[in-house]
Amino acid sequence: MTARSPYASLVDQVPVRRSELVLRGSTTRIWTYGPDDAARTVLFLHGLRGDHHGLEPIVANLPGVRVVVPDLPGFGESTPLVGDAHDIAGYAAWTRDLLDALDRDPVLAGHSFGSVIAAAAAPGLGRLVLVNPIATSALAGPRQGMTKLTVLYHRLAAALPEPAGTALLRNPLITRVASVAMVTTPDRALRGWIHAEHDRYFSTFADRRVLLEAFHASIGHDVAEFAAAVTAPTLLVAAERDDIAPPAAQHALVGRFPDARLVMIPGTGHLAHYEAPAAVGAAISGFLG
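Bear in mind that the values here come from a model prediction, so they are computed numbers and not experimental data.

(A) Main features of the pattern of salt bridges. For the structure on display, the rule yields eight salt bridges. One salt bridge in this structure joins R17 and D36, with 3.1 Å as the shortest N-O distance. You can see R17 sitting in strand β1 (residues 16-23) and its partner D36 sitting in the loop between β2 (26-33) and β3 (40-45), a full 19 residues away along the chain. The salt bridge involving E213 is made with R209; its shortest N-O contact spans 3.5 Å. Of this pair, E213 and R209 both sit in helix α9 (residues 208-220), separated by four residues, roughly a single helical turn. A relative accessible area of 24% places E213 in the partly exposed class. Within the structure, one salt-bridge network assembled from shared partners comprises R24, D84 and D97.

(B) Examining the pairing of β3 more closely. A large share of β3 lies buried, amounting to five of its six residues. Here β3 runs beside strand β4 (residues 65-70); their pairing, made up of four bridges, is parallel. Along β4, the bridge assignment pairs V42 with V67. Bridging between β3 and strand β5 (residues 107-111) involves four bridges; their strand directions are parallel. Counted as the bridge partner of L43 is L108 from β5.

(C) Spotlight on helix α3 (residues 88-101). Spanning 14 residues, α3 covers 20 Å between terminal C-alpha atoms, matching the ideal 20 Å at 1.5 Å per step. Among the residues making up α3, those that are buried are I88, G90, Y91, A92, A93, W94, T95, L98 and L99.

(D) Here's a closer look at the sheet that holds β5. Ordered in space as β1-β2-β4-β3-β5-β6-β7-β8, the eight strands form an open sheet in which the pairing is mixed. Both edges of this open sheet fall to β1 and β8 (260-265), since each of them pairs with a single strand only. Along the sheet, successive strands turn relative to each other by an average axial angle of 20°, direction set aside. Relative to strand β7 (residues 234-239), strand β6 (residues 128-131) runs parallel, the two sharing four bridges.

(E) Representation of the packing of aromatic side chains in the model. Summed over the entire model, instances satisfying the criterion amount to four aromatic pairs. Measuring from centroid to centroid gives 5.1 Å for W193 and Y274, while their planes differ by 80°, and the two rings are edge-to-face. Here the residue W193 occupies a position in helix α8 (residues 188-201), and Y274 occupies one in helix α12 (residues 272-275), the gap between them amounting to 81 residues. For Y274, a relative accessible area of 5% gives the class buried.

(F) Structural view of the environment of D259. Along the chain, D259 turns up in the loop between α11 (247-254) and β8. Under the relative-accessibility criterion, D259 is labelled partly exposed at 38%. Sequence separation of D259 and L235 is 24 residues, and the distance between their C-alpha atoms is 8.9 Å.

What counts, and where the lines are drawn
- Residues numbered from 1 in each chain as written.
- Predicted model: local features only at pLDDT ≥ 70, side-chain atom pairs only at ≥ 80, totals over all residues.
- Heavy atoms only, no water.
- Salt bridge = Lys/Arg side-chain N within 4 Å of Asp/Glu carboxyl O.
- Helix = DSSP H or I, 4+ residues; strand = E, 2+ residues; numbered from the N terminus.
- Buried < 20%, exposed > 50% of the residue type's maximum accessible area, 1.4 Å probe, protein only.
- Pairing = 2+ DSSP bridges.
- Expected span 1.5 Å × (residues − 1).
- Axes fitted to C-alpha atoms, helices over the stretch in contact; angles between N-to-C directions.
- Phe/Tyr/Trp six-rings, centres within 6.5 Å; stacked < 30°, edge-to-face > 60°.

So, in structure tokens, the structure goes:
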């Protein structure tokens with residue numbers, strides 16, 4: 001039996017429209033939530049191996065806001081980039097093209113890996129929101145042992161023949177191990193649903209090349225390297241139990257921005273978009289004004 005989303009009743013009340021744009025060779029699928037006549041628009045970028053579904057709990061907690069959520073090129077229903085690598089530079093260029101294509105001037109937001117892309121694309125924009133921002137590179141962060149094992153796993157997947165390597169990257173046992181490592185909620189029903197979400201969407205990447213490029217970008221970069229160039233007012237929404245992007249690093253990160261504030265969500269970790277979307281939504285709504 002498929003675990004039902006605890007946020008389904010809220011999500012179902014939000015109007016949504018699906019569209020697509022061809023950007024940098026990618027047929028980019030886009031979901032636009034909320035009222036068309038909303039005074040505020042947010043362009044929200046999801047994290048590594050995710051897609052638009054993962055941000056729906058936050059979207060449902062942003063009443064009256066128009067939220068545009070694309071699947072990153074090469075993930076979900078969006079096809080890969082053509083001529084660009086699936087790294088920070090490639091995704092940042094695609095983000096700027098998407099911003100230019102939108103009919104309004106949105107607030108740019110990103111979760112996890114999406115936070116790094118958003119920060120890289122942010123110079124010149126009006127406002128920026130980063131949820132569970134990657135404050136320090138995983139190669140220098142507190143989970144270096146786990147990161148090294150993850151790097152070895154991806155190197156093995158790269159060394160194998162393509163079908164075997166892709167199968168390893170999509171292995172459901174590995175997906176479950178990663179999911180268990182990130183979940184912090186003691187709520188069994190919520191944990192079960194989060195694991196089911198990862199089972200459904202964690203392996204929807206287009207091919208091995210896309211995932212390997214994005215993975216190496218995700219562990220080799222962080223928001224801090226782009227912070228000084230972001231002059232826009234910035235909101236960091238962090239989590240007190242996040243050991244991927246820990247609180248100490250978040251407090252250091254906020255000082256790197258010319259104009260930033262930090263909201264710390266208690267009792268949750270790196271999956272704040274799943275475990276505490278109401279608190280994340282409240283922080284973003286307060287920032288939007």
